[in-house]
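Below, each chain spelled out in residue letters.
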2 protein chains.
Amino acid sequence: MPYRAPIAEFEFLLTHVAGFDRVSAQDRYAEATPDTVRALLTEAGRICEEVLAPLNKVGDRNPTRLENGVVRTPPGYAEGYRAMVEAGMTAISAHPDHGGLGLPITVTACVNDMAGAACLALQMNPLMTQGQIEALEHHASEAIKALYLPRLTSGDWSSTMNLTEPQAGSDVGALTTKAEPSGDGTYRITGQKIYISWGDNDFTGNVVHLVLARLEGAPKGTKGISLFLVPKLIPDAQGNPGVANSLKVVSLEHKLGLHGSPTCVMQYDGATGWLVGEENRGMAAMFTMMNNARLGVALHGVSIADAATQAAVAYAAGRKQGQPLIAGGTGTILDHADVRRMLMEMKAETFAARALALDLAVSIDLGHAGDAAEAARAAILTPIAKAYGTEMGLKVANIGIQVHGGMGFIEDTGVAQFARDVRVAAIYEGTNGIQAMDLVGRKMADGGAAIHALVDAVEAEAQALAMGAPVAAMADSLRAATDAIVAMDLNDRFGGAVPYLMGFARVLGALYHLRAAAAGDGARAALARFYIDRLLPEAQGFFTQARLGAAGLYDLSPDDLAA
Amino acid sequence: MPYRAPIAEFEFLLTHVAGFDRVSAQDRYAEATPDTVRALLTEAGRICEEVLAPLNKVGDRNPTRLENGVVRTPPGYAEGYRAMVEAGMTAISAHPDHGGLGLPITVTACVNDMAGAACLALQMNPLMTQGQIEALEHHASEAIKALYLPRLTSGDWSSTMNLTEPQAGSDVGALTTKAEPSGDGTYRITGQKIYISWGDNDFTGNVVHLVLARLEGAPKGTKGISLFLVPKLIPDAQGNPGVANSLKVVSLEHKLGLHGSPTCVMQYDGATGWLVGEENRGMAAMFTMMNNARLGVALHGVSIADAATQAAVAYAAGRKQGQPLIAGGTGTILDHADVRRMLMEMKAETFAARALALDLAVSIDLGHAGDAAEAARAAILTPIAKAYGTEMGLKVANIGIQVHGGMGFIEDTGVAQFARDVRVAAIYEGTNGIQAMDLVGRKMADGGAAIHALVDAVEAEAQALAMGAPVAAMADSLRAATDAIVAMDLNDRFGGAVPYLMGFARVLGALYHLRAAAAGDGARAALARFYIDRLLPEAQGFFTQARLGAAGLYDLSPDDLAA
């Protein structure tokens, strides 16, 4: 079935759930009027429905290939990319000084949500560029900004981020790629990077790599990592792509999903690079890009959850039964209580994951406008949104296959692709385990004060809303679990981190449903009731696990595990 | 990493958890001595490790193809099949009168578990034959038995089951394939069947189809369905494969997984068939085959869960970190509490799912030996084992990908294939939703008496075992949920059926862990503690959902769902 851009859903969420009015009230975002936002989302939605969605299966069936060192993208990808650029979908939140629209991240989030649902493999490309633009805006020299940003915001050039090496995945500090000063202010970069999304393509005039590397004599671990900008083609004095840099795509990975998106092994052989930010402070700059990308990846989960839900509802409504099973039934499998349960769960989870991502986006925007409390709130919500959004992407795509029965296992149906494509979202930009460790580690370094403030606000708001009592009660359990975790040593925190994060997300999801129920029609209230009655109680089990810390987790020896 | 057959695990489970001694105490199974069983499992395990496991990736990469109407299987499949046959792996439980070994279904279950872990796509082939043998033993005429059974038990011929049609999936009663008497005692079968696993191959001398079809004037629905045996090649008077029957493979499906197993669209054009059982009683005969297959599919989940766990443990133990994270650590990612949590969960779920499947197998065997109470118990356990086993297959394979990080998304690693292959197990042989509806419908037709008996036994046993108090308490919650469901009308039962089944499985899983802890070493106790402390509490949320019935599930209109 065709993808349908959920414009009305965004408007409802922005207005009644995510509090976007607080963003548009900022001077900085004065141009983000309802009319402007609606016009932009509507045009982007049209591109997603008409241009990008038809490319999704094409890219899956015709993976991007490497031919004699040249990356060849699937048929139509170049045109799809161009359409995104022309509709202004790729640099919505970039600064107007360099050709961006200067609109809030929240607007970018809605557009990325749609583009990811339509064709996730292709949307990965501008997502990388968006993150790099933000990193360069914050950390690069004026010369680099002047040269690169206009060409990135225009979509003429695209971007990558290079962290991982074969021996250094989540353990970034173990990377060994070398940077040596050339004496002319540039550096020579040498090493191999893996899992580089869109490491090359055949539709942008240049590819700009941000590469983490280590200077000679730098401290060990993450405190000795610097960040370098390494273009595929070195720009000449006029900024035109010039001579080829000493780098290449060695190979592409054969992946479970995202076949259209080239996942590259990159080789840098003394490639010319420019330092971004200060020496040995590369992680800080890269985190700007990664935090942006974490919201982007949270939305990958939301995108696929939405696409999978749309497909499952359409299939169920069209799948005839011999006879109506219930009074007033449709004569389709929609009559089945278990099918209804699955579809309600898909919709309820998709709504909650999307609301959380947009809530995070609003806090990021308010933080950018100078509100430190909102920036702190965004720091807490980032790992939760990333892990919950992507888990729900996996879960909802999986339920979607189940709704289709045998058809779901057949690739032609298209819903298996959703499950394949979204699988890596729980892994890249920091695995969901890493997100949870961030939440119970760094994000509790204040002794839990910021989380307490957030939970207090949730509880107070829930108490004031219809159906809110069980949500407030679960917020209280969340607070107690938080206190228990704060009292633990780090490894115990880590043992319960993932369940804690999932329980936290359940409480937030319930709050968003309460807001929707209060502002919306009977269907909103019914979906909220479903989430609160059937899904929220899971949180108690999660908190039980969280409070156990690492107790018992090491009771099996490595040999016992292998037995 | 190579697959390792878990012979010692089977011996522990058979002895201490599944009560296999009750089976071998039956006269009927006098030959199933520990030595015989061990010898058979050991040889089968060797075949699985050395012959079948290396074929798993081969079949995934080189899917079975249809060339000019001929099915071409992956390289090595023919040899793999022959090795299984020669090791006696394909007809372990068939009656000795027709060339079977006459050993318990429980032994077949262990062998199928290993073969499925080694190469699930190929193991599907003898699984179909095993089911057909049992159906023919119970329902076919002496002439059919004498002609077909020796050739099926020898592995010279293989089998299929043909239920589904494009408009008739879970709604089997809607099928329209026609059967017309030919006047000579045979019938002409005409119609199209889909999703026919191993509808043809290039390594057995004949393929014997069991086909559900409808005689002219037969009652509507499932009460008007008859079962026919339709061979690919019609045997001559000596039983040699003779002239080709009027049937063909129209096409093969392009599937998410199980690429080596041909999933066929079969066309029957007045094909010659023989009635099996009575006219219009085909569903009863087919259910013999399906119940056998439901245990077999439960084991698909167990197989993949085991293979995924073995791979994840080996990967984690070999994935170096820069430095040990904990005192006495290994310097690998095994040091991470979250990695330990994931591996413990994989092992705890795999153990519980396997124990449930073997417990079911033992009850089936005792039922076959004449124990009506055990047969009734098997009827209850069948849908639970099928749904829980396959859900755990999906879940454990998914966690396994997560343990591998980025490597998990790369197809070369092999663990994505586990997740792809096992996905359909939750769908075929009756979706897990259908299993749950069977549990709360047909299996509660006695007002819940049989389930009460089972739950009472669980509670009493748990109370007597160390760590058993929370298990006994949850059994009490299960009983209360059962009573609540029995009091509901059918559609309300169906609304809570899947959560009820999953909660039921959690209680059973906990009991098996208690038995293991009581009989085993400290590692068994630690795994039991993990399951009881961290996973069992989920059941409470499941029972909460179950008790809600269908409340609220229809509050969204079809338009609301599509909005």
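Residues numbered from 1 in each chain as written. Chains lettered and ligands numbered in written order. Predicted model: local features only at pLDDT ≥ 70, side-chain atom pairs only at ≥ 80, totals over all residues. Heavy atoms only, no water.

Enquirer: Please explain the pattern of salt bridges as it appears in this structure.
Expert: Working definition: two side chains of opposite charge can pair if their charged atoms are close together. Evaluated as defined, the whole model comprises 60 salt bridges over all chains. The partner of A:Glu43 in a salt bridge is A:Arg46, and the shortest N-O contact between them spans 2.9 Å. Taken as a pair, A:Glu43 and A:Arg46 lie in helix α3 (residues 34-52) at a separation of three residues, close to a single helical turn. Given a relative accessible area of 34%, A:Arg46 falls into the partly exposed group. Put simply, B:Arg61 and B:Asp412 hold a salt bridge, and the shortest N to O gap is 2.9 Å. Here the residue B:Arg61 occupies a position in helix α4 (residues 55-61), and B:Asp412 occupies one in the loop between α10 (372-403) and α11 (415-422), the gap between them amounting to 351 residues. Looking at B:Arg61, the relative accessible area reads 39%, which means it is partly exposed. The class of B:Asp412 is partly exposed, set by a relative accessible area of 41%. (Salt bridge = Lys/Arg side-chain N within 4 Å of Asp/Glu carboxyl O. Helix = DSSP H or I, 4+ residues; strand = E, 2+ residues; numbered from the N terminus. Buried < 20%, exposed > 50% of the residue type's maximum accessible area, 1.4 Å probe, protein only.)

Enquirer: Any chance you could explain the interface of chain B and chain A here in plain terms?
Expert: A common way to report how large an interface is uses the accessible area buried once the components associate. Counting residues at the interface gives 80 residues for chain B and 80 residues for chain A. A buried area of about 7,000 Å², summed over both sides, lies between chain B and chain A, and 60% of it is on carbon and sulfur atoms. It is B:Phe409, B:Arg534 and B:Leu561 that lose the most area in chain B upon contact with chain A, and together they represent 13% of the buried surface on that side. Taken together, chain B and chain A are joined by zero salt bridges. There are 32 residue pairs in polar contact (both at pLDDT 80 or more) connecting chain B and chain A. Top element by residues in the side of chain B that touches chain A is helix α9 (residues 337-368) of chain B. It accounts for seven residues. When grouped by side-chain class, the residues that make up the side of chain B that touches chain A number 39 nonpolar, 21 polar and 20 charged. (Contact = heavy atoms within 4.5 Å. Buried area = accessible area lost by both parts, 1.4 Å probe. Polar contact = N/O pair within 3.5 Å; in protein donor to acceptor, adjacent residues only side chain to side chain. Nonpolar A, V, L, I, M, F, W, Y, C, P; charged D, E, K, R; others polar.)

Enquirer: Please explain the nonpolar core as it appears in this structure.
Expert: In summary, soluble globular proteins display a tendency toward joint burial of nonpolar side chains. A:Leu52, A:Tyr500, A:Phe504, B:Leu52, B:Tyr500 and B:Phe504 are the most contacted members of the largest nonpolar core, which totals 315 residues. Not counting the four nearest positions on each side in its chain, B:Leu52 is found in contact with B:Ile47, B:Gly80, B:Met84, B:Met89, B:Ala115, B:Ala118, B:Cys119 and B:Leu122. (Core = buried A, V, L, I, M, F, W, Y, C linked by side-chain atoms within 4.5 Å.)

Enquirer: Teacher, can you tell me more about the relation of the copies chain B and chain A here?
Expert: To go from the first copy of the chain to the second, apply a rotation about an axis and then a shift along the same axis. The transform that puts chain B on chain A rotates by 180° and translates by 0.0 Å along the axis, for an RMSD of 0.0 Å. Taken together, the rotation and translation describe the operation of a two-fold axis. The rotation axis passes nearest to the C-alpha of B:Glu538 in chain B, at a distance of 3.4 Å. An overlap of 100% is found between the interface residues of chain B and their copies at the interface of chain A, pointing to a shared contact surface. (Least-squares fit on C-alpha atoms with pLDDT ≥ 70 in both.)

Enquirer: Just checking my understanding: could you explain the packing of helix α9 (residues 337-368) of chain A against helix α10 (residues 372-403) of chain A for this structure?
Expert: When two helices pack together, you describe them by how their axes are tilted relative to each other and by the distance separating the axes. Residues and elements named next belong to chain A. Put simply, α9 and α10 touch, their axes get as near as 8 Å, and they point 160° apart. With respect to their mutual orientation, α9 and α10 come out roughly antiparallel. The chirality of how α9 crosses α10 is left-handed. (Axes fitted to C-alpha atoms, helices over the stretch in contact; angles between N-to-C directions. Parallel < 35°, antiparallel > 145°, perpendicular 65-115°, else oblique. Left-handed = near helix turned anticlockwise from the far one by under 90°.)

Enquirer: In this structure, what is going on with the side chain of B:Gln435? I would like to understand it.
Expert: In this fold, B:Gln435 is placed in helix α12 (residues 432-440). Not counting residues up to four positions away in its chain, the partners in contact with B:Gln435 are B:Arg294, B:Thr382, B:Pro383, B:Lys386, B:Ala387, B:Glu429, B:Gly430 and B:Leu501.

Enquirer: Looking at this structure, I do not really get the environment of B:Ala379. What am I missing?
Expert: Here B:Ala379 is to be found in helix α10. In the structure, B:Ala379 is positioned 152 residues away from B:Tyr531 in sequence and 26 Å away in space, judged by C-alpha atoms.

Enquirer: How do you make sense of the domain arrangement of chain A when you look at a structure like this?
Expert: Residues and elements named next belong to chain A. Taken as a whole, chain A is organised into domain 1 (7-153), domain 2 (157-279) and domain 3 (285-547). Relative placement of domain 2 and domain 3: their C-alpha centres are 34 Å apart. On the side of domain 3, twelve residues touch domain 2, which itself brings twelve residues to the contact. Of the roughly 1,000 Å² buried between domain 2 and domain 3, counting both surfaces, carbon and sulfur atoms make up 79%. Three residues stand out in domain 2 for area buried against domain 3, namely Met161, Leu256 and Leu258, and they jointly supply 52% of the buried area on that side. Inspection of the region where domain 2 meets domain 3 yields zero salt bridges. Inspection of the region where domain 2 meets domain 3 yields two residue pairs in polar contact (both at pLDDT 80 or more). The set of elements that each furnish at least two residues to the side of domain 2 that touches domain 3 consists of β3 (157-162) and β6 (206-215). Sort the elements by how many residues they give to the side of domain 2 that touches domain 3 and β3 lands first, with three residues. Within the side of domain 2 that touches domain 3, the residues separate by chemical class into seven nonpolar, five polar and no charged. (Domains from an automatic or database assignment.)

Enquirer: Can you help me understand the state of the cysteines in this one?
Expert: A covalent bond between the sulfur atoms of two cysteines is referred to as a disulfide. Applying the stated criterion across every chain yields a total of zero disulfides over all chains. The cysteine A:Cys110 is free of any disulfide, with A:Cys48 supplying the nearest cysteine sulfur at 11 Å. (Disulfide = S-S within 2.5 Å.)

Enquirer: Hey, could you run me through the packing of aromatic side chains in this one?
Expert: Aromatic ring pairs are reported here in terms of the distance separating the ring centres and the angle at which the planes meet. Per the stated rule, a full pass over the model turns up twelve aromatic pairs over all chains. An aromatic cluster of at least three residues, connected via ring pairs, comprises A:Tyr77, A:Tyr81, A:Trp198 and A:Phe203. The ring centre of B:Trp157 lies 5.7 Å from the NZ or CZ of B:Arg151, which sits over that ring. Its end group placed over the ring of B:Phe12, B:Arg524 keeps NZ or CZ at 3.8 Å from the ring centre. (Phe/Tyr/Trp six-rings, centres within 6.5 Å; stacked < 30°, edge-to-face > 60°. Lys NZ or Arg CZ within 6 Å of the ring centre and 35° of its normal.)

Enquirer: Would you take a moment to explain the pairing of strand β7 (residues 226-231) of chain B for this structure?
Expert: Both faces of the sheet carry side chains from a regular strand, because those side chains alternate between them. Residue and element names in this part refer to chain B. Counting buried positions along β7 gives six out of six residues, so the element sits mostly inside the fold. In β7, alternate side chains face the same way, and those of Ser226, Phe228 and Val230 on one face and Leu227, Leu229 and Pro231 on the other are all buried. Pairing analysis gives six bridges linking strand β6 (residues 206-215) to β7, with the strands arranged antiparallel. Bridged to leucine 212 within β7 is leucine 227. Two elements, β7 and strand β11 (residues 263-276), share three bridges in a ladder whose sense is antiparallel. Paired with leucine 229 across the bridge in β11 is tryptophan 274. (Pairing = 2+ DSSP bridges.)

Enquirer: Can you walk me through the UniProt feature "domain: Acetyl-CoA dehydrogenase-like C-terminal" (unreviewed entry) in chain A in this structure?
Expert: The sites that carry the UniProt feature "domain: Acetyl-CoA dehydrogenase-like C-terminal" (unreviewed entry) are, in the present numbering, residues 456-556 of chain A. In residues 456-556 of chain A, helix accounts for 78% and strand for 0%; the two terminal C-alpha atoms are 39 Å from one another. (UniProt positions renumbered as here; feature names shortened; annotations may be inferred.)

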